[in-house]
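Summary of structural features
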Amino acid sequence: MASTTLLQPALGLPSRVGPRSPLSLPKIPRVCTHTSAPSTSKYCDSSSVIESTLGRQTSVAGRPWLAPRPAPQQSRGDLLVSKSGAAGGMGAHGGGLGEPVDNWIKKLLVGVAAAYIGLVVLVPFLNVFVQAFAPGCRPACQPPVPPRPAAALKMTLMLAFVTVPLNTVFGTVAAINLTRNEFPGKVFLMSLLDLPFSISPVVTGLMLTLLYGRTGWFAALLRETGINVVFAFTGMALATMFVTLPFVVRELIPILENMDLSQEEAARTLGANDWQVFWNVTLPNIRWGLLYGVILCNARAMGEFGAVSVISGNIIGRTQTLTLFVESAYKEYNTEAAFAAAVLLSALALGTLWIKDKVEEAAAAESRK
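Let us look at the structure shown here.

Calculation notes
Residues numbered from 1 in each chain as written. Predicted model: local features only at pLDDT ≥ 70, side-chain atom pairs only at ≥ 80, totals over all residues. Heavy atoms only, no water. Helix = DSSP H or I, 4+ residues; strand = E, 2+ residues; numbered from the N terminus. Buried < 20%, exposed > 50% of the residue type's maximum accessible area, 1.4 Å probe, protein only. Phe/Tyr/Trp six-rings, centres within 6.5 Å; stacked < 30°, edge-to-face > 60°. Expected span 1.5 Å × (residues − 1). Bend = angle between axes of the 7 residues up to and from the residue. Polar contact = N/O pair within 3.5 Å; in protein donor to acceptor, adjacent residues only side chain to side chain. Core = buried A, V, L, I, M, F, W, Y, C linked by side-chain atoms within 4.5 Å. Contact = heavy atoms within 4.5 Å.

Let's talk about the environment of Ala299
Assignment of secondary structure puts Ala299 in helix H13 (residues 274-303). Separated by 50 residues in sequence, Ala299 and Ala349 have C-alpha atoms that sit 6.8 Å apart.

Encoded structure:
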């Protein structure tokens, strides 16, 4: 009854439940079951406090109150469904209690991990800036041929502008339908979602070229309609959509599987339709995971090279993206322009990383409430 009462103002539906009882229950803090200390980790929930107070009388407004037993977990087939917070499963790293690094083995492991990340990620990334600004700031900031990198940047942003919204809509719809329904071939379909991760992007570009090329399966249809796919923006968009397809759906599936379905069921009981349930109940629970998937999808779309390189033909000024421009400029010994474009791509990556961190901070702050 409490869930339906809370959902009524959000859904804009008429009240069917009587007024709430004036008896208010005390706010139960989250306490870690391992350390008995306050915690915001999703693994140390307030249910542990409720379980520890079972069978004990607590005074509430002068009346004895027996702590209720936590609501039983729901099951969907063989899947155990537990409640997820408003942060949608994200942000748990913001307040969890970790073990201190207090011996030489842990310090050695941390040092090895930091050194590995530094050598594999940090040093090559910083070397791009060092090489770009080695001749001075002016050559790096003003490439010798401005129209080429400008056109490549425009093409990169256009690909991201087209592919990210499409994959966001597809990923959201696919994740909801895969987690809410059982049908033959579901396991196989979910395995297909990981296909872009396992196939080389170069092979992806080759597959699309053989499929939509002059001798491909759809060659006759494309000639009749006058649509160009290979060596055109259409083919580049298809290749980028293929390689970025799993990011949103794979971020949402674990969150939706761990959601408590009682709120959705309560909303439908009050007369809400599917769109109202999604917009007022489901979306607020998955919004942080959805944003995280969109950020990853956008980062991959702007940095894609292999699939786009094969199907685009790398035509200067027409189908050349910023990543293809870096390769072409470097092969032409135009290192200043190549490193300047690389700095621009790195700046876009840093901006994406900054947005990702802000999303995680917001999710962590919400999960602590």
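Some words on unusual backbone geometry
In terms of backbone geometry, most residues other than glycine have negative phi values and most peptide bonds are trans. The residue Phe231 is not glycine, and still its phi comes out positive at about 60°. The exposure class of Phe231 is partly exposed, given its relative accessible area of 43%. Even without glycine at this site, Tyr333 takes up a positive phi of about 60°. Counting through the fold element by element, Tyr333 comes out in the loop between helix H15 (322-331) and helix H16 (335-367). Looking at Tyr333, the relative accessible area reads 74%, which means it is exposed.

Quick word on the packing of aromatic side chains
Evaluated as defined, the whole model comprises six aromatic pairs. Between the aromatic rings of Trp275 and Phe278, the centroid separation amounts to 5.9 Å while the plane-to-plane angle is 35°, which identifies the pairing as tilted. One end of the pair is Trp275 and the other is Phe278, both in helix H13 and three residues apart, which spans about a single turn. Accessibility expressed as a relative area gives 56% for Trp275, which makes it exposed. Of the residues examined, Phe278 reaches a relative accessible area of 19% and is grouped as buried. Ring-pair connections join several aromatic residues into one group, and the members of that group are Trp275, Phe278 and Trp279.

Quick notes on H13
A turn of α-helix holds 3.6 residues, and therefore any two residues three or four places apart point the same way. Its 30 residues give H13 an end-to-end C-alpha distance of only 36 Å, which falls more than 12% under 44 Å, the value for a rise of 1.5 Å per residue. The sharpest bend along H13 measures roughly 60° and falls at Leu283, with the proline Pro284 sitting one to four residues further on. If you check the start of H13, you find a side-chain oxygen 3.2 Å away from the backbone N of Trp275, and it comes from Asn273.

Looking at the nonpolar core
In terms of nonpolar packing, the biggest core is built from 22 residues, with Ala175, Val249, Leu252, Ile253, Leu256 and Ile286 touching the most fellow members. Of all the secondary structure elements, the ones that give two or more residues to this core are helix H5 (147-180), helix H11 (246-257) and H13. Excluding residues within four positions of it along the chain, Ala175 makes contact with Val249, Leu252, Ile253 and Leu256. Core analysis: the second largest hydrophobic core is formed by 11 residues, Leu159, Ala237, Ala307 and Leu324 among them.

Describing the environment of Ala349
One can find Ala349 in helix H16. Remark: the alpha-carbon pair of Ala349 and Arg300, spanning 49 residues in sequence, is separated by 9.7 Å.

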